[in-house]
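# Examining the three-dimensional arrangement
Each chain, letter by letter, is given below.
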Amino acid sequence: MKVLMLHSPGDLRVEEFPKPTMQPGEALLRVRRVGLCGTDLSSWRGRNPLVSYPRIPGHEIAATIVQLSEPHPVFIPGMDVTLSPYRHCGQCSACRNRRFNACRENQTLGVQRHGALADFISVPIDRLYRANLDLRELCLVEPLSVGMHAVTRAAITDQDRVAIFGCGGVGLGAVAAAAFRGAVTIAIDVDDGKLALAREAGAAHTIHSGRQSLPEALAAIVGYHGPDVFIEAVGLPETFRAAVELVAFTGRVVYIGYAKEAVTYETRLFVQKELDICGARNALPEDFRQVIEMLEQHRFPVDRAIDKEVSMEETPEALREWSDHPTRFRKIMVRVG
Ligand SMILES: [Zn+2]
Ligand SMILES: [Zn+2]
């Protein structure tokens, strides 16, 4: 079968690879669409510390079931599905707490294991999700579920006013998820295009933090007390700090961004405001199901969120272009079969 193999940073090639053999409990899938996100770009650039080479990338997947190792009440051959690309160990403290998304030994398809940029993959049946969605929508379920998980971590309801730093792939998912829960959602970014898309995804308000004073703009929307929740999806020390400084007393702060440098805090704010501060990583099955519901209700601007569609042969060049112009794309989708 045909695959895209990342031999080393910058060296992605279409080549032949043995077709997978279906194991007990697995489904053989024909891959149809694969979404590429910032993680894949980092792997291509050699800046993803979790990836090893050579590696077949691809963790945002729409596929058609070819064959099942055993009959199943829901899944049948010919059905289009998406799937969770995560694999947990079942032994660590995260797994024992049933928070499999944060497994200490987590292995994600396309990162620590070969992924879906291949004609066929074989995966455990319990990893599959069916939905009344087309292939492009199925392919967006995983990336959007990461933002949904952050919203779940903050227990966001329609009573909340939620500010979100960063409207890239993950942040945009958090915007859509918070709006889907009925919260008043405020999207913050320094890119007009991303802010326009955030509005289409459900943001009631947008703030361009490069042009506007963030404290003043926030106060004009939510008043002097500040938003109930701050979600950080950028990963900069300034935004990590601003979330704690600007959130309301007894507010919640969720971090999805990875800060590369150490961050210095005025820790008295943690105590004085009695904040709940937490991290969010990957997603749980419940997050996948909620994103499917959101997409089935057409609550996300699918067409505008996909910047470019390419064939497998065009993918190496598309990643090169993305690496040269990182702000040109948010989501590239590969037509596999
Ligand atoms: Zn991704
Ligand atoms: Zn584990």
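Above this text you will find the structure in question.
As a starting point, this report considers the structure included with it. In this text the structure is predicted, and so the values were computed from the model without any measurement. (Residues numbered from 1 in each chain as written. Chains lettered and ligands numbered in written order. Predicted model: local features only at pLDDT ≥ 70, side-chain atom pairs only at ≥ 80, totals over all residues. Heavy atoms only, no water.)

Before going further, it helps to spend a moment on the coordination of the zinc ion (ligand 1). Around the zinc ion (ligand 1), the protein contributes the donor atoms Cys37 (SG), His59 (NE2) and Glu60 (OE), at 2.0 to 2.2 Å from the metal centre. Given a relative accessible area of 4%, His59 falls into the buried group. (Donors = N, O, S within 2.8 Å, 3.2 Å for Na, K, Ca; no water. Buried < 20%, exposed > 50% of the residue type's maximum accessible area, 1.4 Å probe, protein only.)

This part is about the coordination of the zinc ion (ligand 2). The coordination sphere of the zinc ion (ligand 2), as far as protein atoms go, consists of Cys89 (SG), Cys92 (SG), Cys95 (SG) and Cys103 (SG), spread over 2.3 to 2.4 Å. Read in sequence order, the donor residues for the zinc ion (ligand 2) give the motif C-x2-C-x2-C-x7-C. Given the relative accessible area of 5%, Cys95 is considered buried.

Right, let's talk about unusual backbone geometry for a bit. In the segment running from Tyr53 into Pro54, the intervening peptide bond is cis, with an omega of -5°. Among the structural elements, Pro54 can be located in the loop between helix 1 (38–45) and strand 4 (60–68). Unlike most non-glycine residues, Ala155 shows phi in positive territory, near 50°. By secondary structure assignment, the location of Ala155 is in the loop between helix 3 (135–153) and strand 10 (161–165). Residue Ala155 is classed as partly exposed on the basis of its relative accessible area of 49%. Of note in the backbone geometry, Asn282 takes a positive phi value of approximately 50° without being a glycine. Within the element layout of this structure, Asn282 appears in the loop between strand 15 (276–279) and helix 9 (285–296). (Helix = DSSP H or I, 4+ residues; strand = E, 2+ residues; numbered from the N terminus.)

This brings us to the sheet that holds strand 14 (residues 252–255). Strand order in the open sheet formed by 6 strands is 12-11-10-13-14-15, and the pairing between neighbours is parallel. Because the sheet does not close on itself, it has two edges, and the strands there are strand 12 (205–208) and strand 15. Strand-to-strand twist of the sheet, defined as the mean angle between neighbouring strand axes without regard to direction, takes the value 15°. For strand 11 (residues 184–189) and strand 12, the ladder comprises 4 bridges, and the chain directions are parallel. The partner of Ala187 across the bridge, within strand 12, is Thr206. (Pairing = 2+ DSSP bridges. Axes fitted to C-alpha atoms, helices over the stretch in contact; angles between N-to-C directions.)

Contact geometry for helix 3 and helix 4 (residues 169–180): axes closest at 7 Å, N-to-C directions at 55°. One element, helix 3, and the other, helix 4, form an angle in the oblique class. Helix 3 and helix 4 meet at a crossing whose hand is right-handed. Counting all contacts with helix 3, which are made through Leu144, Val146, Gly147, Met148 and Val151, the residues of helix 4 involved are Val170, Gly173, Ala174, Ala177, Ala178 and Phe180. Considered class by class, the residues forming the contact of helix 3 with helix 4 number 9 nonpolar, 2 polar and no charged. (Parallel < 35°, antiparallel > 145°, perpendicular 65-115°, else oblique. Left-handed = near helix turned anticlockwise from the far one by under 90°. Contact = heavy atoms within 4.5 Å. Nonpolar A, V, L, I, M, F, W, Y, C, P; charged D, E, K, R; others polar.)

Of the pairings in the sheet, the one linking strand 1 (residues 2–8) to strand 2 (residues 11–16) comprises 6 bridges and is antiparallel in character. Pairing of Leu6 across the sheet is with Leu12, part of strand 2.

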